[in-house]
Amino acid sequence: MAKKILFCTGEGIGNVIQTIPTIRTLKEVLGYEVDMWYAFGAFSIPHIIPYVDRWFMNVNIIKADPNEYEGLVSTFWTRNHIKALPQYKRLNEIIPLRMDRSEVDIYMDIARELGAPEEDLIWHGTCRYNKTDEKYDVVVSDGYNRQGSANWSIKHYPYYKEVITLLKEKSLDICSLGASGEHISGTVDRTGLNLLDSLGIIANSKLVLSNDSGLYHAANALGIKNLVIFTATSIEKNFDSRFHKFSTIIGRDDLDCRPCQAGRGWKNCKTWKCREIDPKIVVKKIEELL
């Protein structure tokens, strides 16, 4: 009988996407069958990782039979949720996230702990999507959580409209993707789609323009070039060149105060200069990438 483990995680689209290298390594290097328990998140994320066999959402974990598994592994996100599963053997030490080490690399500690040699680690992998005939030159995503204490409005780049105006002069086909309400004026509105349909549009595009969002991570899984605008969040944590190898980053490296993701220092900032990036610089970089 094949070895089988339950992989437990949660939180946002980008956090889930960044587990792909680890899960692929568990499957293809260590020979595990992997089932996923997506325990929680602001959005309901469907079965988007092709290296996962069964995908349990939230409380649906009760449908899993503990006797099928050698045990479970967990990311930092579900360190408390797995307390509700005492019948499963714990197979990994849970490593806290840090601002000076990539999330992708921290997740890979799971594969390392289970015995994967460093030279055999797989640092890339794809995600599932729904095929579509829609094609755009540029897909724009102004994605971030806008709700409650988890509000990440600092990620928003305030000059998307100016960028779009300049790009439209070049006769490019441009659409917006993301949650309802994230449409950017001047683009075809394809916001509000389900995640797999949104990923299908990304897979057909030439370039994704995004802030530090879940769809930026997805573009890398799909092998699509992307230009990502980092404001206050940590590049060291949210980017790993081995996985995000299709990314080009723009950010205010001249500011000593950034990143301030740890402790969410932007909440006490009166200027948010990290968002002040000339739209012409963004457009020039897009032209180079296209």
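Reference entry: report on the structure contained in this document. Treat the numbers as computed from the prediction; the structure is a model and nothing was measured.

Looking only at helices and strands, the protein chain has eight helices and 10 strands in total. Relative to the globule expectation of 19 Å for 290 residues, the C-alpha radius of gyration of the protein chain, 19 Å, shows essentially globular dimensions. Considering only C-alpha atoms, the protein chain reaches an extent of 60 × 45 × 40 Å along its principal axes. Looking at the protein chain as a whole, 54% of its 290 residues are labelled buried. A total of about 12,900 Å² of accessible surface is found on the protein chain, and carbon and sulfur atoms cover 48% of it. Computed over 37 positive and 37 negative side-chain charges, the inter-centroid distance for the protein chain is 3 Å.

All right, on to the pattern of salt bridges then. According to the stated counting rule, one finds 21 salt bridges in the structure shown. One salt bridge connects Asp 105 with Arg 112, and the closest N-O pair in it is separated by 2.9 Å. Judged by its relative accessible area of 12%, Asp 105 falls in the buried class. For Arg 112, a relative accessible area of 22% translates into the label partly exposed.

Pairing is parallel across the open sheet formed by six strands, whose spatial order is β7-β6-β5-β8-β9-β10. Whereas interior strands pair on both sides, the edge strands pair on one side only; in this sheet they are β7 (188–189) and β10 (247–251). The pairing of strand β6 (residues 174–177) with β7 spans two bridges and is classified as parallel. Note that in β7 the partner of Ser 176 across the bridge is Asp 189. Contacting β5 (138–141), β6, β8 (207–211) and β9 (226–230), helix α4 (residues 160–168) runs over the sheet at an angle of about 160 degrees to β8.

Another point: the environment of Leu 177. Along the chain, Leu 177 falls in strand β6. Residue classification places Leu 177 among the buried positions, given a relative accessible area of 0%. Linking Leu 177 and Asp 197, residues 20 residues apart in sequence, is a C-alpha distance of 10.0 Å. Those residues within four positions of Leu 177 in sequence are excluded, and the remaining contacts are Val 139, Val 140, Ser 141, Asp 142, Glu 182, Arg 190, Thr 191, Leu 193, Ser 198, Ile 201, Ile 202 and Leu 215.

At a closest axis distance of 10 Å, the pairing of helix α5 (residues 195–203) and helix α6 (residues 214–221) adopts a crossing angle of 55 degrees. One way to sum up the angle between α5 and α6 is to call them oblique. The crossing of α5 and α6 is right-handed. Taking contact as the criterion, the partners of Leu 195, Leu 199 and Ile 202 in α5 are, on α6, Leu 215, Ala 218 and Ala 219.

With parallel pairing, four strands are arranged side by side in an open sheet as β3-β2-β1-β4. Both edges of this open sheet fall to β3 (55–57) and β4 (71–74), since each of them pairs with a single strand only. Ignoring which end each strand starts from, the neighbouring axes of this sheet average 25 degrees apart. In the sheet, strand β2 (residues 32–38) pairs with β3 via three bridges, with the strands oriented parallel. Counterpart to Trp 37 in the pairing with β3 is Phe 56. Sitting on the sheet, helix α2 (residues 20–28) is in contact with β1 (3–9) and β2, with an inclination near 150 degrees to β2.

The buried count for β1 comes to six of seven residues, which makes it a mostly enclosed element. With seven bridges connecting them, β1 and β2 associate as parallel partners. Along β2, the bridge assignment pairs Thr 9 with Tyr 38. As paired elements, β1 and β4 share four bridges and run parallel to each other. Residue pairing for β4: Ile 5 is matched across the bridge by Gly 71.

Before going further, it helps to examine the packing of α4 against helix α8 (residues 279–289). Two numbers describe how α4 lies on α8: the axes approach to 9 Å, and their chain directions differ by 45 degrees. Regarding the angle of α4 to α8, the classification is oblique. Every pair of crossing elements has a handedness; the one defined by α4 and α8 is right-handed. Residues Glu 162, Val 163, Leu 166 and Leu 167 of α4 form the contact with α8, whose participating residues are Pro 279, Lys 280, Val 282, Val 283 and Ile 286.

Turning next to the environment of Ala 116. With respect to the helices, strands and loops of the structure, Ala 116 is situated in the loop between α3 (103–113) and β5. Residue Ala 116 is classed as buried on the basis of its relative accessible area, which comes to 7%. Along the backbone, Ala 116 and Val 29 are 87 residues apart, and their C-alpha atoms lie at a distance of 6.8 Å. Discounting chain neighbours no more than four positions away, the residues touching Ala 116 are Thr 25, Val 29, Leu 30, Ala 111 and Leu 121.

About the cut-offs
- Residues numbered from 1 in each chain as written.
- Predicted model: local features only at pLDDT ≥ 70, side-chain atom pairs only at ≥ 80, totals over all residues.
- Heavy atoms only, no water.
- Helix = DSSP H or I, 4+ residues; strand = E, 2+ residues; numbered from the N terminus.
- Rg over C-alpha atoms; globule rule 2.2 N^0.38 Å.
- Buried < 20%, exposed > 50% of the residue type's maximum accessible area, 1.4 Å probe, protein only.
- Areas by Shrake-Rupley, 256 points an atom, 1.4 Å probe, with all protein chains shown as cover.
- Lys, Arg positive; Asp, Glu negative; His and termini not counted.
- Charge placed at Lys NZ, Arg CZ, Asp CG, Glu CD.
- Salt bridge = Lys/Arg side-chain N within 4 Å of Asp/Glu carboxyl O.
- Pairing = 2+ DSSP bridges.
- Contact = heavy atoms within 4.5 Å.
- Axes fitted to C-alpha atoms, helices over the stretch in contact; angles between N-to-C directions.
- Parallel < 35°, antiparallel > 145°, perpendicular 65-115°, else oblique.
- Left-handed = near helix turned anticlockwise from the far one by under 90°.

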